[in-house]
Amino acid sequence: MRSTGFRHAVAAIGVCSLFLALTSCGSDDDTSADGRTRITVNCQPPRSAKADRKFFDEDIAAFEKQNPDIDVVAHDAFPCQDPKTFDAKLAGGQMEDVFYTYFTDVGHVVDTGQAADLTSYVKELKSYDTLQKQLRDIYTVDGRIYGIPRTGYSMGLIYNKKLFQKAGLDPDRPPTTWAEVRAAAKRISALGNGTVGYADYSAQNQGGWHFTAELYSQGGDVVSADGRKATVDTPEGRAVLQNLHDMRWTDDSMGSKQLLVINDVQQMMGSGRLGMYLAAPDNIPILVKEKGGDFKDLALAPMPGGKGTLVGGDGYMFHKKDTPAQIRAGLKWLDHMFLTPGKGFLGDYVRAKANDAPVGLPEPRLFTGAADATDQRAKKANANVPVENYQSFLDGNQALRMKIEPPHAQQIYSVLDGVVSAVLTKKDADIDRLLKDASGKIDGILARG
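Criteria and thresholds
- Residues numbered from 1 in each chain as written.
- Predicted model: local features only at pLDDT ≥ 70, side-chain atom pairs only at ≥ 80, totals over all residues.
- Heavy atoms only, no water.
- Pairing = 2+ DSSP bridges.
- Helix = DSSP H or I, 4+ residues; strand = E, 2+ residues; numbered from the N terminus.
- Axes fitted to C-alpha atoms, helices over the stretch in contact; angles between N-to-C directions.
- Contact = heavy atoms within 4.5 Å.
- pLDDT = per-residue confidence, 0-100.
- Buried < 20%, exposed > 50% of the residue type's maximum accessible area, 1.4 Å probe, protein only.
- Disulfide = S-S within 2.5 Å.
- 1 Å grid on protein atoms, 1.4 Å probe; cavity = no way out; pocket = protein on both sides within 12 Å on 5 of 7 lines; lining within 4 Å.
- Points joined across faces, edges and corners; volume = space filled by probe spheres on them.
- Nonpolar A, V, L, I, M, F, W, Y, C, P; charged D, E, K, R; others polar.
- Salt bridge = Lys/Arg side-chain N within 4 Å of Asp/Glu carboxyl O.
- Parallel < 35°, antiparallel > 145°, perpendicular 65-115°, else oblique.
- Left-handed = near helix turned anticlockwise from the far one by under 90°.

(A) Structural view of the sheet that holds strand β10 (residues 298-302). Pairing within the open sheet is mixed, and its 4 strands lie in the order β8-β9-β7-β10. On the outer flanks of this sheet lie β8 (196-198) and β10, each paired with one strand and no other. The mean angle between the axes of side-by-side strands here comes to 25°, regardless of whether they run parallel or antiparallel. As defined by bridge partners, strand β7 (residues 156-160) adjoins strand β9 (residues 274-279) across 4 bridges and the pair is classed as antiparallel. Its bridge partner lying in β9, Gly156 is registered against Ala279.

Below is the structure:
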């Protein structure tokens, strides 16, 4: 799951209209009228996102000027991938030639036979070996490469430095364990005036998403390594729920209003009434631009617990009907648009800064080695946010195990939503029973495939 936006959240766009779907998504026709290799791509920002749309179109025009033999046809809509239409387009073979996917889509797309095998072509993608291996591996299935990562994010702990200071906590030493989170939340909530120490989601599948992130941080997992059995009814699962229960009912540090979703929590943080919540770095500009927060007050720490963090992101896959010429053209386009350090739609920090977009957030961090150093230098040179507020996140993330969302994530999150909401709304909730029941339901989801 992910919040929405473009530069700050890198969410998504691009479902063809019915007409386009029938005429030009995943088309067998790989040439334009003038003989150029033609590719359709998605995730073009909608016209309502004026600056992003302008940048995207400018970058395509520059690419076509450098590659006069390639014609790029971009499709827009919001979001890039609409769950309501994605499977239908996939089943109907109507995807664009180069199409957007979340990390969690990869196995499903490959299983349906709709993805082109890129293994013999990736040597032509200049940036491929510079990308983080753990992100590349997400698009590798049974030793074959089916896609290219574009962005990656990981969860951390966003906290309000001003409230930490008011509560007598060191704003430069955020909590590193869940026990420390609990202790800090208790002190922050004691400030009164409606101040909440720690908030969590518990509705619209978002509670299940955060339960998963918290379980990873404790060293647990939602499903077994082979993807066949639930693994939530464990000591780690009980530790997650017991901690939430104790903060909610024993400490009264989570406030009385529950069944919260992301917008509720963002409003609380932006208004200065919340001490901490779990999120990815892309939340920070939303808190400032839309919710009234201040960059200087908002800091980011790694996931408490020290054992793992939930990671997500997106990338592009290629239609199974693409010709070799279209695959080569698509890889060139990805290099130009997204995968050149310090340049392109997501990496042109000079352009972003000139248009008041946040520069200096700790993610996405896509590259390694010299490419990463180049990207980080360009980002630092144009930073317009307090990068020192995110240093502990950058440092701490290096030691965490990176884990993507489970298979059938949304169905599983729906089950776990009920578990989290019960703990946060019922003081006498039976944690053992909740986990046992959830485990059985998740086993059923996994059995159905």
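(B) Main features of the side chain of Ser439. Positionally, Ser439 belongs in helix α18 (residues 431-448). When sequence neighbours within four positions are dropped, the list of residues in contact with Ser439 reads Ala230, Val232 and Asp233.

(C) Representation of the pairing of strand β2 (residues 70-76) in the model. With 6 bridges connecting them, strand β1 (residues 37-44) and β2 associate as parallel partners. In the strand pairing of β2, Val41 is matched with Ala74.

(D) Just the confidence of the model for the protein, in detail. Mean pLDDT for the protein: 92, with 93% of residues reaching 70 or above. Every residue in residues 3-24 scores below 50 in pLDDT, and together they form 91 contacts with partners more than four places removed in sequence or on other chains.

(E) Layout of the pairing of strand β11 (residues 308-318). Of all 11 residues in β11, 11 are buried; the element is thus mostly enclosed. Burial along β11 is two-sided: the residues Gly308, Leu310, Gly312, Asp314, Tyr316 and Phe318 and Thr309, Val311, Gly313, Gly315 and Met317 are all buried. The pairing of strand β3 (residues 98-102) with β11 spans 5 bridges and is classified as antiparallel. Directly across from Tyr100, in β11, lies its bridge partner Tyr316. Sheet analysis places strand β6 (residues 147-154) next to β11, joined by 7 bridges and oriented antiparallel.

(F) The arrangement of the state of the cysteines in detail. According to the stated counting rule, one finds 1 disulfide in the structure shown. Across the disulfide from Cys43 sits Cys80; the S-S distance is 1.9 Å. Because the torsion about its S-S bond is 70°, the bridge between Cys43 and Cys80 counts as right-handed. Separated by 37 residues along the polypeptide, Cys43 in strand β1 and Cys80 in the loop between β2 and α3 (83-91) bring together distant segments of the chain. Judged on exposure class, the residue Cys43 and its partner Cys80 are both buried.

(G) Inspection of the layout of surface pockets at higher detail. In this model, the largest pocket occupies a volume close to 1,800 Å³. Secondary structure elements with two or more residues in the lining of the largest pocket: α3, β3, α4 (106-111), α5 (133-136), β4 (140-141), β11, β12 (401-403) and α17 (409-425). Counted by class, the lining of the largest pocket contains 22 nonpolar, 15 polar and 12 charged residues. Volume-wise, the second largest pocket comes out at about 290 Å³. Only α5, β6 and α16 (391-397) provide two or more residues apiece to the lining of the second largest pocket. Partitioning the lining of the second largest pocket into residue classes produces 9 nonpolar, 6 polar and 3 charged.

(H) How the structure looks around the pattern of salt bridges. Under the counting rule described, the total for this entry stands at 25 salt bridges. Of the charged contacts, one joins Asp314 and Arg150 as a salt bridge, the two residues approaching to 3.1 Å between their closest N and O atoms. Here Arg150 lies in strand β6 and Asp314 lies in strand β11, a separation of 164 residues in the sequence. The exposure class of Asp314 is buried, given its relative accessible area of 1%. What makes Arg150 buried here is its relative accessible area of 5%.

(I) Helix α10 (residues 262-270), seen in detail. Of the residues making up α10, those classed as buried are Ile262, Val265, Gln266, Met268, Met269 and Gly270. Of the residues flanking the end of α10, it is Gly272, one or two places downstream, whose phi is positive at about 80°.

(J) Spatial organisation of the packing of helix α7 (residues 178-189) against helix α9 (residues 235-250). Relative orientation of the contacting elements α7 and α9 amounts to 15°, with a least axis distance of 11 Å. As judged from the angle between their axes, α7 and α9 are roughly parallel. Judged by the twist between their axes, the crossing of α7 over α9 is right-handed. Here α7 contributes Trp178, Val181, Arg182 and Ala185 to the contact with α9, which in turn contributes Asn243, Asp246, Met247 and Thr250. A breakdown of the residues in the contact of α7 with α9 according to their chemical character gives 4 nonpolar, 2 polar and 2 charged.

(K) Local environment of the packing of helix α8 (residues 206-217) against α9. Following both chains from N to C, one finds α8 and α9 inclined at 115°, their axes separated by 9 Å at the closest point. In this structure, α8 meets α9 at a crossing whose hand is right-handed. Packed against α8, whose contacting residues are Phe211, Glu214 and Leu215, the element α9 presents Glu236, Gly237, Val240, Leu241 and Leu244 at the interface. Residues belonging to the contact of α8 with α9 are distributed by class as follows: 5 nonpolar, 1 polar and 2 charged.

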